[in-house]
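What follows is each chain in one-letter form.
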Amino acid sequence: MRRYGAPVTTRYVALLRGINVGKAHQLPMPALKELLEREGHENVRTHLRSGNVVLDSALAEEELAAGLEKAIAAEFGFGVPVVVRTGAELAEIVAADPFGPVATDRSRCSVTFLPAPPDPDLVAALPEADGGAYEIRGRELHLWLPEGLTNSPMGSWRWDRLLGVAGTNRNWNTVAKLAELAAPAPPV
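The present account deals with the structure reproduced in this document. Sequence order as written defines residue numbering, which begins from 1 separately in each chain. For a predicted model such as this one, the threshold for reporting local features is a pLDDT of at least 70, and the threshold for listing and counting side-chain atom pairs is 80 or more; totals across whole chains, interfaces and linings nevertheless cover every residue. Heavy atoms throughout the structure, all of them, feed into the side-chain values; hydrogens and water do not.

Helix numbering and strand numbering both begin at the N terminus, where a helix is a DSSP run of H or I of at least 4 residues and a strand a DSSP run of E of at least 2. With respect to the secondary-structure elements, serine 152 resides in the loop between strand S7 (140-144) and helix H5 (159-163). For every residue, the accessible area obtained with a 1.4 Å probe (protein chains only) is divided by the maximum for its type, and the residue is called buried under 20%, exposed over 50%, and partly exposed between those limits. You can call serine 152 buried: its relative accessible area is 4%. We define a polar contact as two N or O atoms separated by no more than 3.5 Å, with the added condition that, inside protein, one atom must be a possible hydrogen donor and the other a possible acceptor, whereas residues neighbouring each other in sequence contribute only through side-chain atom pairs. Of note is the side chain of serine 152, whose polar atom sits 3.2 Å from the backbone oxygen of glycine 131. Not counting chain neighbours up to four residues away, the residues in contact with serine 152 comprise Asp130, Gly131 and Leu145. Note on contacts: a residue pair qualifies if any of its non-hydrogen atoms lie within 4.5 Å across the two residues.

With that out of the way, let us pick up the side chain of asparagine 52. Looking at the element boundaries, asparagine 52 is found in strand S3 (residues 52-57). Of the residues examined, asparagine 52 reaches a relative accessible area of 0% and is grouped as buried. Ignoring any residue separated from it by four or fewer positions in sequence, one finds asparagine 52 in contact with Ala14, Leu15, Arg45, Thr46, His47, Arg170, Thr174 and Leu178.

A ring pair, where both rings are aromatic, is described by two values, the distance of the centres and the angle of the planes. Each aromatic pair joins two rings of Phe, Tyr and Trp (for Trp, the six-membered one) with centres within 6.5 Å, and gets the label stacked for planes under 30 degrees apart, edge-to-face for over 60, and tilted for any other angle. One pass over the structure, following the stated rule, counts three aromatic pairs. An angle of 65° between the planes, with centres 6.1 Å apart, marks the rings of tyrosine 134 and tryptophan 157 as edge-to-face. Placement of tyrosine 134 in strand S6 (residues 133-137) and of tryptophan 157 in the loop between S7 and H5 is noted, with a sequence separation of 23 residues between them. The class of tyrosine 134 is partly exposed, set by a relative accessible area of 22%. With relative accessibility at 18%, the residue tryptophan 157 sits in the buried group. Aromatic side chains tryptophan 157 and tryptophan 159 sit 5.2 Å apart centroid to centroid with 45° between the ring planes, which places their arrangement in the tilted category. Taken together, the ring pairs connect Tyr134, Trp157 and Trp159 into an aromatic cluster.

With that settled, consider helix H1 (residues 29-38). The α-helix winds at 3.6 residues per turn, so residues separated by three or four positions along the chain end up facing the same way. Buried within H1 are the following residues: Met29, Leu32, Leu35 and Leu36. Down the axis of H1, the smallest arc covering the buried residues is 120°, so these residues share one side. Those residues of H1 that are buried lie in contact with strand S1 (10-16), strand S2 (42-47), S3 and helix H2 (61-76). Within two residues after H1, glycine 40 carries a phi angle of roughly 100°, on the positive side. An arc is given here, and it is the one of the directions from the helix axis to the C-beta atoms.

For the rest of this paragraph, the subject is the nonpolar core. Proteins that are soluble and globular tend to have nonpolar side chains buried together. Leu16, Leu27, Leu32, Val53 and Ile72 are the most contacted members of the largest nonpolar core, which has 21 residues in total. Broken down by secondary-structure element, the contributors of at least two residues to this core are S1, H1, S3, H2 and strand S4 (82-86). Sort the elements by how many residues they give to this core and H2 lands first, with five residues. Leaving out residues up to four positions away in the same chain, leucine 16 has contacts with Leu27, Leu32, Ser50, Gly51, Val53, Ile72, Val80, Pro81, Val82, Thr168 and Arg170. Residues grouped as a nonpolar core are buried Ala, Val, Leu, Ile, Met, Phe, Trp, Tyr and Cys residues, joined through side-chain atoms within 4.5 Å.

The following block contains the structure:
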């Protein structure tokens, strides 16, 4: 039961871009979890080392992303772009999977989460799919690369330049797991 005056919290998934890849921008997940708890977020949980965080916050999405970026820069000494989705949005993304009927290997599907929808003119100007398929839905770029990221021509496309906005990519298995972790707890 919610107490009168208590802030309403939202279940979010925060996706950090470009951490723990190679030697640059190493960010230990236990230290990140501790930082976010000190920042006042609740039920903080990390998933894998690639910068996936599930948390509850009373902040709006844009405030949360900006606050996380600022706190991480202050604590760890480098900037990290953060893209945020609600748990409900992630559940909708998984439910509306555009490649479910055709993708034979789910590990070859991924979603790039963008901070804002790409310009429709840039989307209209995208080249034809080559070695797989892509679909843009709102703020997400869905990819299916049957030959894998490194063996598909589309895997090397500069999507940030093509779309005019840089995002952060997660494979389908990670997206599905994050949706599961961000799902509301069943009533007791």
